[in-house]
Amino acid sequence: MADSKEVKEWVEFLATKKITDLVDSDFKLVFIDTEARFGEVMWTLLDNNILSVPIFNKHTHKFVGSVDLLDLLTYAVTVFSETLLLSSDFLSHLRDEKKLDEEKYGVKFLSDLSLRDPWCPVWIDLPLLSLMDMFSKQVNLHRVPLVDEDGYVIGLISQSRVVDWLHENVNKVPAVILNKTVGEVIAEQGTKGKVVTVRDNMRTSEAYKMLLDAEVSSVAVVNEAGELVGNLSSSDLKGTKPGCLFEQFYFPVHKFIGEAARRFGRDTTWPICCTEEETLEMALEKLTAKHIHRVYIIDHEKKPIGVLSLCDFITQLQYGENL
């Protein structure tokens with residue numbers, strides 16, 4: 001009975017909160033025009049060290065979509081040839097906007113090309129629970145634009161911000177949710193043993209193709225023995241200099257994620273992990289302390305047997321699945 005009372009109080013607490021409670025006051029909007037081409041989108045994302053950028057139509061004065069790094073990645077690894085990507089004049093080719101076919105290189109074509117980040121504007125004054133529903137595993141949006149009554153984007157909010165907020169209020173989360181083991185969580189979800197993996201010596205472009213084909217946001221990197229040695233996702237593209245981006249697609253994965261770790265100031269590519277016996281609260285502490293998007297579950301041989309993403313944490317902490 002105590003458990004059900006705690007869960008009821010937690011849900012009632014969440015019901016009192018609105019999306020505005022999570023919005024950063026120092027938000028600065030970066031956007032691109034509907035007439036932008038591939039090169040301009042790439043430079044905007046990389047120069048601002050962001051994962052996604054809204055598209056603004058200057059004629060209608062409305063935001064009409066967004067493009068993220070995974071959309072650019074989808075395009076690069078499926079359309080451009082290796083010879084073109086590695087050619088010395090490729091960036092010059094992208095800069096010469098007049099030569100680029102809008103239907104082939106335009107932002108309208110690139111928008112949500114990966115089918116991972118649809119444009120879904122959310123009114124700023126909606127309840128937080130509505131946003132959590134959108135971020136939970138039933139829908140699994142990664143980020144949404146926040147709009148005012150005129151439809152103007154006044155903020156962006158992501159799964160990671162919601163998880164950070166949940167961690168800030170972890171003292172209110174029922175113990176019955178926090179004390180679940182991660183082994184119990186992946187068993188409930190039916191995801192144990194279903195981790196998508198790539199070899200550390202595989203070419204990065206091929207590894208990203210596997211990520212896209214599997215319709216996941218990241219893949220576990222393993223060595224010859226199947227041991228977890230890293231993680232590959234679109235976030236590894238952040239901070240890359242445009243002139244080096246495509247060259248790095250042809251690195252082996254271990255070198256690519258090693259370069260990413262160096263840019264982020266990390267001394268190892270080893271991802272954050274936990275064992276099946278650790279609790280959801282322990283996993284949440286690791287996730288938020290390192291500001292990462294997922295925690296891998298490994299067995300006693302250091303082989304990945306599961307993964308908990310931001311979406312999984314939101315789903316579990318919202319109501320506690322299958323309580």
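Model, not experiment: these values are computed from the prediction. (Residues numbered from 1 in each chain as written. Predicted model: local features only at pLDDT ≥ 70, side-chain atom pairs only at ≥ 80, totals over all residues. Heavy atoms only, no water.)

### Quick word on the packing of helix 8 (residues 128-135) against helix 9 (residues 159-168)
Relative placement of two packed helices is described by the angle separating their axes and the distance separating the axes. Put simply, helix 8 and helix 9 touch, their axes get as near as 11 Å, and they point 125° apart. In terms of orientation, helix 8 lies oblique with respect to helix 9. For the pair helix 8 and helix 9, the sense of crossing is left-handed. Residues Leu 128, Leu 131, Met 132 and Phe 135 of helix 8 form the contact with helix 9, whose own contacting residues are Gln 159, Val 162, Trp 165 and Leu 166. Among the residues making up the contact of helix 8 with helix 9, the classes are represented as seven nonpolar, one polar and no charged. (Axes fitted to C-alpha atoms, helices over the stretch in contact; angles between N-to-C directions. Helix = DSSP H or I, 4+ residues; strand = E, 2+ residues; numbered from the N terminus. Parallel < 35°, antiparallel > 145°, perpendicular 65-115°, else oblique. Left-handed = near helix turned anticlockwise from the far one by under 90°. Contact = heavy atoms within 4.5 Å. Nonpolar A, V, L, I, M, F, W, Y, C, P; charged D, E, K, R; others polar.)

### Remarks on the environment of Gly 39
With respect to the element layout, Gly 39 can be found in helix 2 (residues 38-47). As a C-alpha pair, Gly 39 and Leu 72 span 33 residues in sequence and 9.7 Å in three-dimensional space.

### Section: the sheet that holds strand 4 (residues 122-123)
Spatial strand order, 4-5-6: three strands in an open sheet with mixed pairing. Of all strands in the sheet, those with a lone pairing partner are strand 4 and strand 6 (153-158), marking the two edges. Two elements, strand 5 (residues 143-147) and strand 6, share five bridges in a ladder whose sense is antiparallel. Residue pairing for strand 6: Val 147 is matched across the bridge by Val 153. (Pairing = 2+ DSSP bridges.)

### Overview of the pairing of strand 11 (residues 294-298)
In terms of burial, strand 11 is largely enclosed, as five of its five residues are buried. The alternating pattern of strand 11 places Arg 294, Tyr 296 and Ile 298 and Val 295 and Ile 297 on opposite faces, both of which are buried. Taken together, the two bridges between strand 10 (residues 273-274) and strand 11 define a ladder with parallel strand orientation. Counted as the bridge partner of Cys 274 is Ile 297 from strand 11. Once the chain exits strand 10 it traverses helix 15 (residues 280-290) before rejoining the sheet at strand 11, and the crossover so formed is right-handed. When strand 11 meets strand 12 (residues 304-309), the two strands line up antiparallel, connected through five bridges. Its bridge partner lying in strand 12, Arg 294 is registered against Ser 309. In this antiparallel pair of consecutive strands, strand 11 and strand 12, the connection spans five residues, and Lys 302 shows a positive phi of 65°. (Buried < 20%, exposed > 50% of the residue type's maximum accessible area, 1.4 Å probe, protein only. Right-handed = clockwise from strand over helix to strand, strands pointing away.)

### Description of the packing of aromatic side chains
Counted by the stated rule, this structure contains eight aromatic pairs. Linked through ring pairs, Phe 31, Phe 56, Phe 63 and Tyr 152 together constitute an aromatic cluster. The ring of Phe 251 is capped by Lys 255, whose NZ or CZ atom sits 4.1 Å from the centre of that ring. (Phe/Tyr/Trp six-rings, centres within 6.5 Å; stacked < 30°, edge-to-face > 60°. Lys NZ or Arg CZ within 6 Å of the ring centre and 35° of its normal.)

### Quick word on a nonpolar patch on the surface
Together, Phe 31, Tyr 152 and Ile 154 line one region of the surface with nonpolar side chains, adding up to about 270 Å² of accessible area. Its location among the elements puts Tyr 152 in the loop between strand 5 and strand 6. (Patch = residues over 30% accessible without salt bridge, like charges linked within 9 Å, V, L, I, M, F, W, Y side chains within 5 Å. Areas by Shrake-Rupley, 256 points an atom, 1.4 Å probe, with all protein chains shown as cover. Salt bridge = Lys/Arg side-chain N within 4 Å of Asp/Glu carboxyl O.)

### Some words on the sheet that holds strand 10
Taking strand neighbours across the sheet as the criterion, the three strands line up as 10-11-12 in an open arrangement whose pairing is mixed. The strands lining the two open edges of the sheet, one partner per strand, are strand 10 and strand 12. Taken strand by strand, helix 11 (residues 182-189) contacts strand 10, strand 11 and strand 12, and its axis lies near 85° from that of strand 12.

### Some details on helix 16 (residues 310-319)
Counting buried positions over the 10 residues of helix 16 gives nine, a clear majority of the element. Restricting attention to buried positions, one finds in helix 16 the residues Leu 310, Cys 311, Asp 312, Phe 313, Ile 314, Thr 315, Gln 316, Leu 317 and Gln 318.

### What about the environment of Phe 313?
Within the fold, Phe 313 resides in helix 16. Looking at Phe 313, the relative accessible area reads 0%, which means it is buried. Each C-alpha atom, one on Phe 313 and one on Ala 283, is 9.2 Å from the other, the two residues being 30 residues apart in sequence. When residues no more than four places from it in sequence are discounted, the contact partners of Phe 313 are Val 163, Leu 280, Ala 283, Leu 284, Leu 287, Val 295 and Leu 308.

### So, the pattern of salt bridges
Within this structure, the stated rule accounts for 12 salt bridges. A salt bridge links Lys 180 to Glu 188; its shortest N-O distance comes to 2.9 Å. Given the relative accessible area of 30%, Glu 188 is considered partly exposed.

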